[in-house]
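Chain residues, written in single-letter form:
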Amino acid sequence: LRHAAHVEVRSIDVAPVAPGATRTVRARIRATAPGRFPFEGVIGVEVENHSGSWLQETELWYSNHPENVRQPQRLYWGEVRRGNPVRMLYHHKNVSPATLVVRYMLVNRGDTPKRVAVTLGDAPSDKNPTRAGYRAGEQFLKYWLSSGAEIVELPPQSLVPLTVRTITVGQTMSGLVRLDVLGSEGESVVVLGDALRGMNH
């Protein structure tokens, strides 16, 4: 994802997928970036219903320092290891003088592909910090109670967006996520959180 690029999913054709089955769903997206023509169209996304073991989270991470973000900066760094799933809360308010883009990335520093089971509750940014947190928690709990997750594949030496939110002055972005690295013992993935300058700069 290029700096300050933004991809919005306008609609997605979602239907139940039987255990072990694979199907392609259609999603209408809009992509924009500074100095580039916007793109809007339909893409196909292959979805597989993959069953696996569900381990209880061993750690709870907080990305809340600072809660009030005054400038572009690093917000979080953490390493998730195979066999030690984590739950992470992020909650940040933009108190800078301009729009910010808050981005959390999954980073594969290795030379082999990695797979991460992701359960995500990521609500739209809101002027009301309590409402932002409530909506994120409500989304997360729905999937967590059913042991549901999406499998994210990370190519070697890659960064894959977990969430990217544009937050205007006074808005809060909030989310809850469960991360479980799949694969061989000793494999790990890094989580990076950053506040970047918005597209009006």
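Before any of the text, the structure's been laid out above.
An account of the accompanying structure is given in this report.

### Some remarks on the packing of aromatic side chains
For the structure on display, the rule yields two aromatic pairs. Arranged with centres 5.7 Å apart and planes meeting at 35°, the rings of Trp61 and Tyr76 form a pair that is tilted. Taken together, the positions of Trp61 in strand β4 (residues 59–63) and Tyr76 in strand β6 (residues 73–81) put the pair 15 residues apart, joining distant regions of the chain. With respect to burial, Trp61 and Tyr76 carry one shared label: buried. The ring centre of Trp144 lies 4.8 Å from the NZ or CZ of Arg87, which sits over that ring.

### Comments concerning the sheet that holds strand β2 (residues 22–32)
Each strand in a sheet pairs with another by means of backbone hydrogen bonds, the pair being arranged parallel or else antiparallel. In space, the three strands of this open sheet follow the order β1-β2-β3, with antiparallel pairing throughout. Of all the strands in the sheet, just β1 (6–12) and β3 (39–48) have a single pairing partner and so form its edges. Averaged over all pairs of adjacent strands, the angle between their axes in this sheet comes to 40°, without regard to strand direction.

### A word on the sheet that holds strand β8 (residues 100–108)
Within the open sheet, the four strands sit side by side as β6-β13-β8-β11. Their pairing is antiparallel. Two strands lie at the open edges of the sheet, namely β6 and β11 (158–167), each paired on one side alone. With direction set aside, neighbouring strand axes in the sheet form an average angle of 15°. With eight bridges connecting them, β6 and strand β13 (residues 188–197) associate as antiparallel partners. Bridge pairing in β13 links Trp77 to Leu192.

### Thoughts on the environment of Ala132
When you line up the elements, Ala132 lands in helix α1 (residues 129–145). Sequence separation between Ala132 and Gln171 is 39 residues; the distance between their C-alpha atoms is 9.1 Å. Ala132 has contacts with Ala123, Asp126, Thr172 and Ser174, leaving out every residue within four places of it along the chain.

### Looking at unusual backbone geometry
That bond from His65 to Pro66 is cis: its omega, 5°, falls within 30 degrees of zero. Positionally, Pro66 belongs in the loop between β4 and β5 (68–69). Although it is not a glycine, Gln157 sits at a positive phi angle of roughly 50°. With respect to the helices and strands, the residue Gln157 is situated in the loop between β10 (150–154) and β11.

### Examining the pattern of salt bridges
The tally for this structure, following the rule as stated, stands at ten salt bridges. Taking the shortest distance from any N to any O, the salt bridge between Glu57 and Arg87 comes out at 3.0 Å. You can see Glu57 sitting in the loop between β3 and β4 and its partner Arg87 sitting in strand β7 (residues 86–94), a full 30 residues away along the chain. Look at Glu57 and you get buried, because its relative accessible area is 13%. For Arg87, a relative accessible area of 23% gives the class partly exposed. Among the salt bridges present, the one from Arg131 reaches Asp126, with a minimum N-O distance of 2.9 Å. Under the relative-accessibility criterion, Arg131 is labelled partly exposed at 38%. Its relative accessible area of 8% is what places Asp126 among the buried residues.

Rules used in this analysis
Residues numbered from 1 in each chain as written. Predicted model: local features only at pLDDT ≥ 70, side-chain atom pairs only at ≥ 80, totals over all residues. Heavy atoms only, no water. Phe/Tyr/Trp six-rings, centres within 6.5 Å; stacked < 30°, edge-to-face > 60°. Helix = DSSP H or I, 4+ residues; strand = E, 2+ residues; numbered from the N terminus. Buried < 20%, exposed > 50% of the residue type's maximum accessible area, 1.4 Å probe, protein only. Lys NZ or Arg CZ within 6 Å of the ring centre and 35° of its normal. Pairing = 2+ DSSP bridges. Axes fitted to C-alpha atoms, helices over the stretch in contact; angles between N-to-C directions. Contact = heavy atoms within 4.5 Å. Salt bridge = Lys/Arg side-chain N within 4 Å of Asp/Glu carboxyl O.

Shape descriptors only; they carry no functional weight alone.
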